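So the chains spell out like this:
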Amino acid sequence: MYKNSTKYDVLVVGAGHAGAESALAAARMGLKTCIFTINLDNIAQMSCNPAIGGLAKGHLVKEIDALGGEMGKAADRTGIQFRMLNTKKGPAVHSLRVQSDKKEYQQYMKQVLENQPGLDIKQGIVEKLIIKKGKVCGIETNIGTIYEATCVVLTPGTFLNGLIHIGEASYPGGRNGELAAEKLSLALKAAGLRLGRLKTGTNPRINRNTIDFSKTEDQPGDKIPLPFSFETEKIDRPLVSCQIVYTNEATNAIIRKNIHRSPLYGGRIKGVGPRYCPSIEDKVMRFPEKTRHQIFLEPEALSTLEIYCNGLSTSLPLDVQYAFLRSIPALANVEIMRPGYAIEYDFVPPDQIKHTLETKAVKNLYLAGQINGTSGYEEAAAQGLIAGINAALRARGGKEEFVVGRSEGYVGVLIDDLVTKGTEEPYRMFTSRAEYRLVLRQDNADLRLTEYGFKFGLISKTRHERFKKKKEGITAVLLELGKTFLKATAENKIFVKNLNSSDFTERISLTELLRRPEIGIADLAGSIKAVAGLDARLKAEVLEQAEIQVKYEGYIKRQLEQIERFEEEEHIKITPGIDYKKVHGLSGEAVEKFKKILPESIGQARRISGIAPSDITAVLVYMKKTNNKH
């Protein structure tokens, strides 16, 4: 046994999307940090689809960037197609999606980690946690090396006791072709944590040269791509189209005929899979009325022939994968380069963690990513960033903790859902999960969260100064719009008529004009003096925010009022160590749920599934009585 001479402030286990953000955050906050990975060549590997963002996930990426994380910058630097989704709907649900060059993304993140001051990178398999008096103080690797640390962040992804399934074949692995972390699960159990089992899957990768593109539908990206990062000035990269094909009745028949060979339907897979990203065999069996399913053919990188078949997640045997792929006209002669597979892995049911992502059972031990029951790169990265910030704050020795509230960001919704409700299937972010989504838009992520990033040293002074200019610009434009009036002159009437808007007989403010759906801020920009001194990009951002705030003012105001009522209950803290058995009127089920979740506020307690309003009243009455006694 060998003890490493350096004691770290923060030690991160796993260098996927959660681990990378966690380690970068801690190191950038000035803490001596170390990150462990099973393979140095696979840092920030895109195991599934090489894409960042998408519906609601794009919101998370914008928030990661607003807090000073790296994912948005990486996507901007390595994207090969940019598409803004949901543009026919309101700005609350607009979401950016970027198809990335898998190889470039991985190389970019590896270089960022390697060049980060204060961050050491080690290759090794972590097998044990060193815990003393209920507090983690280090780890031990498979070769018996001990590394001491004040805080440990675990981000093992699907490697935690991972088991890969392809048809009748099963073998241990964290990803196809990589070792699993088999003994770390035992260490977590020994630490007093409950484990569960989840399942996810990936799609076959096929050879571009064996696709008949004359039989596919083209899916181009946006002509003028918008970036994820608030620091990216413009996208200047080679961009490509993706293609669309469809399965058919022959495809469905092949899958139905061979369904007994699927480990999912044969009973060999015990873990629960993602409901919102089902395998192709699941789609065929659960929706027999559908004669076809849409498949997106997406390049893995500019430097490879591999094409990712998005929508064809499967664990059927290789011969069946060939058969159903070749039943699609455009893929009649296709060659598979990597087969699709399913993977089962251990996770820690997230009712065992706090909103800081520290475990309740072991002090200074933080969990982030798929170990908490989530799916997706974006959900993992968001958690990794929060865990890294909190581990760094704890390692500094202070009592400060960082929690993003449900009313502040999708990051807050994600973590609150996990902690308060738990999950029995891989959790995926949706806009519908955010009850305050009108104010949690991707376009205003910086306005909501940048001050936190600057406070923790994750946002540069230069960026913060620009951010302040933006805020000041928005305020100035809104003020000018309200104070600038058009008189009912013939010239102004013609101006308004040319915008296909109704006539006006008395003077009208620019704010009132902008509220009209047919009039946009661009129509009035020539009259707005407050943006005169701003560069083109900052001017566009300021005008965009001013327009949204004017057009949706009534809706936003109502939502802010809802948030105010919500936060009243969030600020009513539950007495630490309360004995719920002594609370008169609580059912046995409520007592067990309160003891399990240990809610910190009345607001959180109310969100626990199965807790009735009468239970909340009982707790409030009990706290009032006990507080009066003291």
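Residues numbered from 1 in each chain as written. Predicted model: local features only at pLDDT ≥ 70, side-chain atom pairs only at ≥ 80, totals over all residues. Heavy atoms only, no water.

Draft legend 1. Structural view of helix α9 (residues 377-395). Helix length check: α9, at 19 residues, gives a terminal C-alpha distance of 26 Å against a target of 27 Å (1.5 Å per residue), a fit within 8%. Burial within α9 is extensive, with 19 of its 19 residues counted as buried. Of the residues trailing α9, Gly397 is marked for its positive phi of about 95°. (Helix = DSSP H or I, 4+ residues; strand = E, 2+ residues; numbered from the N terminus. Expected span 1.5 Å × (residues − 1). Buried < 20%, exposed > 50% of the residue type's maximum accessible area, 1.4 Å probe, protein only.)

Draft legend 2. Expanded view of the nonpolar core. One finds Leu11, Ile52, Ile139, Val152, Leu154, Leu365 and Ile389 to be the most contacted residues of the largest nonpolar core, which totals 103 residues. No other element matches α9, which puts twelve residues into this core. With sequence-adjacent residues up to four places away left out, Val152 is seen in contact with Leu11, Val13, Val136, Gly138, Ile139, Asn364, Leu365 and Tyr366. Val245, Ile295, Leu316 and Leu325 belong to the second-largest nonpolar core, a separate cluster that totals 23 residues. (Core = buried A, V, L, I, M, F, W, Y, C linked by side-chain atoms within 4.5 Å. Contact = heavy atoms within 4.5 Å.)

Draft legend 3. Expanded view of a negative patch on the surface. On the surface, Glu561, Glu564, Glu567 and Glu568 cluster together into a patch of negative charge. Checked against the element boundaries, Glu564 lands in helix α17 (residues 553-570). Taking the relative accessible area as the measure of exposure, Glu564 reaches 53% and is therefore exposed. (Patch = residues over 30% accessible without salt bridge, like charges linked within 9 Å, V, L, I, M, F, W, Y side chains within 5 Å. Areas by Shrake-Rupley, 256 points an atom, 1.4 Å probe, with all protein chains shown as cover. Salt bridge = Lys/Arg side-chain N within 4 Å of Asp/Glu carboxyl O. Lys, Arg positive; Asp, Glu negative; His and termini not counted. Charge placed at Lys NZ, Arg CZ, Asp CG, Glu CD.)

Draft legend 4. A look at the packing of aromatic side chains. Per the stated rule, a full pass over the model turns up six aromatic pairs. Ring geometry for Tyr580 versus Phe594: centroids 4.8 Å apart, planes at 20°, classification stacked. A residue pair is termed long-range when its members are at least 10 positions apart, and Tyr580 in the loop between α17 and α18 (588-597) and Phe594 in helix α18 qualify at 14 residues. As far as the burial class goes, Tyr580 and Phe594 line up, both buried. (Phe/Tyr/Trp six-rings, centres within 6.5 Å; stacked < 30°, edge-to-face > 60°.)

Draft legend 5. Examining the sheet that holds strand β15 (residues 217-219) more closely. A sheet is described by the order of its strands in space; here six strands give the open sequence β15-β16-β17-β18-β14-β19, paired in antiparallel fashion. Across the chains shown, the open sheet's two edge strands, defined by having one partner strand only, are β15 and β19 (336-338). Neighbouring strand axes in the sheet, compared pairwise and without regard to direction, differ in orientation by 35° on average. As paired strands, strand β14 (residues 205-207) and β19 are joined by two bridges and run antiparallel to one another. Within β19, the residue paired with Arg205 across the bridge is Arg338. (Pairing = 2+ DSSP bridges. Axes fitted to C-alpha atoms, helices over the stretch in contact; angles between N-to-C directions.)

Draft legend 6. Fine view of the environment of Gln123. Relative to the assigned elements, Gln123 resides in strand β7 (residues 119-123). Separated by 53 residues in sequence, Gln123 and Asn176 place their C-alpha atoms 18 Å apart. Residues contacting Gln123, with those up to four places away along its chain left out, are Thr37, Ile38, Asn39 and Leu40.

Draft legend 7. Expanded view of the pattern of salt bridges. What the rule picks out here adds up to 45 salt bridges. The salt bridge partner of Arg28 is Glu70, with a shortest N-O separation of 2.7 Å. Of this pair, Arg28 sits in helix α1 (residues 17-28) while Glu70 sits in the loop between α2 (57-66) and α3 (71-78); the two residues are 42 residues apart in sequence, bridging distant segments of the chain. Given a relative accessible area of 24%, Arg28 falls into the partly exposed group. The class for Glu70 is buried, based on a relative accessible area of 4%. Taking the shortest distance from any N to any O, the salt bridge between Asp282 and Arg286 comes out at 3.6 Å. Here the residue Asp282 and the residue Arg286 both occupy positions in helix α7 (residues 280-286), the gap between them amounting to four residues, near one helical turn. The structure contains a network of salt bridges with shared partners spanning Arg406, Asp416, Asp417, Lys421, Glu435, Glu570 and Arg607.

None of the figures reported here should be taken as evidence of function without further support.
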